[in-house]
Amino acid sequence: MEERSKNPKFRDFKNKISKQTYNAIKNMGFKRMTDIQSEVIPKALDGADVVATAKTGSGKTLAFLIPVVELVARLVNESLSGTFCIIVSPTRELATQTFSVLQDITSYYELMTSALIIGGESRKLQSLALAKGVHIVVATPGRLFDHMRTKEFDYKHVKCLVLDEADKIFQYGFEEDIKQIVNRLPKNRQTMLFSATQSETTDALIKSAMKEDVQSINTNED
Ligand code: ADP
Ligand code: MG
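All of these numbers come straight from a predicted model, not from anything done at the bench. For every chain, the first residue of the written sequence is number 1, and numbering continues from 1 along that sequence. Think of it this way: whatever chain is written first is A, whatever ligand is written first is 1, and the rest follow in order. With pLDDT at 70 or above as the cut-off, local features in this predicted model cover only qualifying residues; side-chain atom pairs require 80 or more to be listed or tallied, and sums for whole chains, interfaces and linings still use all residues.

Asks: Looking at this structure, how should I read the site of ligand 1?
Replies: Defining nearness, a residue is near a molecule or strand when the C-beta atom obtained from its backbone falls within 6 Å of it. Neighbouring ligand 1 are 13 residues, the closest being F30, T56, G59, K60 and T61. In this text, helices come from DSSP runs of H or I with a minimum length of four residues, and strands from runs of E with a minimum of two, each type numbered from the N-terminal end. If you tally residues by element for the shell around ligand 1, the top one is helix α3 (residues 60-77), at three residues. Across the shell around ligand 1, the residue classes break down as four nonpolar, seven polar and two charged. Charged means Asp, Glu, Lys or Arg here, nonpolar means Ala, Val, Leu, Ile, Met, Phe, Trp, Tyr, Cys or Pro, and polar covers whatever is left, Gly included.

Asks: How should I be thinking about the environment of S122 in this particular structure?
Replies: Take S122: it is sitting in the loop between β3 (114-117) and α5 (123-131). Sequence spacing of S122 and K26 is 96 residues, and the spatial spacing of their C-alpha atoms is 35 Å.

Asks: What's the story with the sheet that holds β3 in this structure? I'm lost.
Replies: Sheet strands associate in pairs through backbone hydrogen bonding, adopting either a parallel or an antiparallel arrangement. Criterion used throughout: strands pair if DSSP finds at least two bridges between them. The strand order β3-β4-β2-β5-β6-β1-β7 describes an open sheet built from seven strands, whose pairing is parallel. Sheet topology places β3 and β7 (215-218) at the edges, where each strand pairs with a single neighbour. Strand-to-strand, the axes of this sheet are offset by a mean angle of 10°, without reference to chain direction. Relative to β7, strand β1 (residues 50-53) runs parallel, the two sharing four bridges. Paired with V51 across the two strands is S216, which belongs to β7. Contact between residues is assigned whenever the C-beta positions, reconstructed from backbone atoms, fall within 7 Å. Only C-alpha atoms enter the line fits that serve as axes; for helices the fit covers just the stretch in contact. Angles between N-to-C directions range over 0 to 180 degrees. Relative to β1, helix α2 (residues 35-45) is tilted by about 175°, and along the sheet it contacts β1, β6 (190-195) and β7.

Asks: For this particular structure, what's the right way to read the pairing of strand β4 (residues 136-139)?
Replies: Both faces of the sheet carry side chains from a regular strand, because those side chains alternate between them. We call a residue exposed when 12 or fewer other C-beta atoms sit within 10 Å of its C-beta, buried when the count reaches 20 or more, and partly exposed for counts in between; the C-beta positions come from the backbone. A two-sided burial pattern is seen for β4, the buried positions comprising I136 and V138 on one face and V137 and A139 on the other. Bridge count between strand β2 (residues 85-88) and β4: four bridges; the pairing is parallel. Opposite I86, over in β4, you have V137 as the bridge partner.

Asks: Even after reading the chapter, I still don't get unusual backbone geometry, so can you show me in this structure?
Replies: With glycine set apart, most residues show a phi of negative sign, and most peptide bonds adopt trans. Positive phi is not limited to glycine here, since S79 has a value of about 60°. Mapped onto the elements, S79 comes out in the loop between α3 and β2. On the neighbour-count criterion, S79 (7 C-beta atoms within 10 Å) is exposed. Located in the positive-phi region is E165, a residue other than glycine, with phi close to 50°. When you line up the elements, E165 lands in the loop between β5 (160-163) and α7 (166-171). With 22 C-beta atoms counted inside 10 Å, the residue E165 sits in the buried group.

Asks: Looking at this structure, how should I read helix α1 (residues 19-28)?
Replies: Within an α-helix, residues lying three or four positions from one another point in the same direction, as the helix has 3.6 residues per turn. All of the buried residues along α1 are T21, A24 and I25. The buried residues of α1 occupy an angular sector of 100° when the element is viewed end-on, so they sit on one face. Exposed residues lying more than 90 degrees from the buried face of α1 are K19, N23, K26 and N27. Of the surrounding secondary structure, the elements contacted by the buried residues of α1 are α3 and α4 (92-105). G29 lies just past α1 and shows a positive phi near 90°. Starting at the helix axis, one direction is taken to each C-beta atom, and the arc is that of these directions.

Asks: I tried to follow the packing of helix α6 (residues 141-148) against helix α8 (residues 175-184) on my own but got confused; where do I start?
Replies: Axis angle and axis distance: for two packed helices, these are the angle between their axes and the distance between the axes, and together they describe the pair. At a minimum axis distance of 9 Å, the contact between α6 and α8 shows a crossing angle of 40°. By the criterion of interaxial angle, the relationship of α6 to α8 is oblique. α6 and α8 meet at a crossing whose hand is left-handed. Of the residues in α8, those in contact with P141, G142, L144, F145 and M148 of α6 are D177, I178, Q180, I181 and R184. Residue classes in the contact of α6 with α8 are distributed as six nonpolar, two polar and two charged. The cut-offs work like this: below 35 degrees is roughly parallel, past 145 is roughly antiparallel, 65 to 115 is roughly perpendicular, and the gaps in between are oblique. By the definition used in this description, the sense in which the near helix is turned from the far one sets the handedness, with an anticlockwise turn below a right angle giving left-handed and a clockwise turn giving right-handed.

Asks: Quick question: what am I supposed to make of the environment of S199 here?
Replies: When you line up the elements, S199 lands in the loop between β6 and α9 (200-209). Take S199: there are 14 C-beta atoms within 10 Å of it, and that puts it in the partly exposed class. In sequence terms S199 and K124 are 75 residues apart; their C-alpha atoms lie 36 Å from each other.

Asks: Is there a simple way to explain α9 in this structure?
Replies: Turning to α9, its buried residues are T202, L205 and A209. Buried residues of α9 fall within an arc of 60° about the axis and therefore sit on the same side. α9 presents E200, D203, K207 and S208 as exposed residues on the side facing more than 90 degrees away from its buried surface.

In structure tokens form, the structure reads like this:
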């Protein structure tokens, strides 16, 4: 079991995150950050590119969702519209799980919108949602790239890209899709890459997709 007693409490971050996010975390019943959350959240809130490696079950989902929601909340408050963040997951199941946590963490935001864009579901309905400019998209690589090749999906306002379970994204053969997706997105964005293990393939992607001063965090080596 992970040693969590030295990690900050979410309450200590009350002045760094919005009330809506804080209340959602409280509602979910979480008090203290996990190791990876305490390392990633402050840096990601500051806008840093982050590569985070931490074993399965260590709380990576909220480590990226909290900074994502805070970034999107600021843009929504400025009355901007459009898709601001894309979160890529390797499988429909993982994307669906992440989307479900996203619903929990955004439950106090009245204006924030999101869509789950995965294979096996109606392209037409997904296209309609994307055309409206949903703020946050959670997607699998193949279907996301399909939509990026249509005029309905306007992704030029994207400010943040998250690659979750990046090691699996590559294991499952989505490397080419990811390259194409990354190439098409605006360069001026925050990129975060999460995985359970480090690998050479992800290292190569890091160099091409991320800023030079990327923050590498690995809680597997403690
Ligand atoms: P990972 O993506 O690293 O495999 P998850 O994000 O799926 O891990 O989280 C694993 C479990 O830990 C989930 O059930 C989640 O609700 C729980 N969890 C996340 N953050 C915390 C926290 N700060 N305190 C206690 N449990 C947490
Ligand atoms: Mg995960």
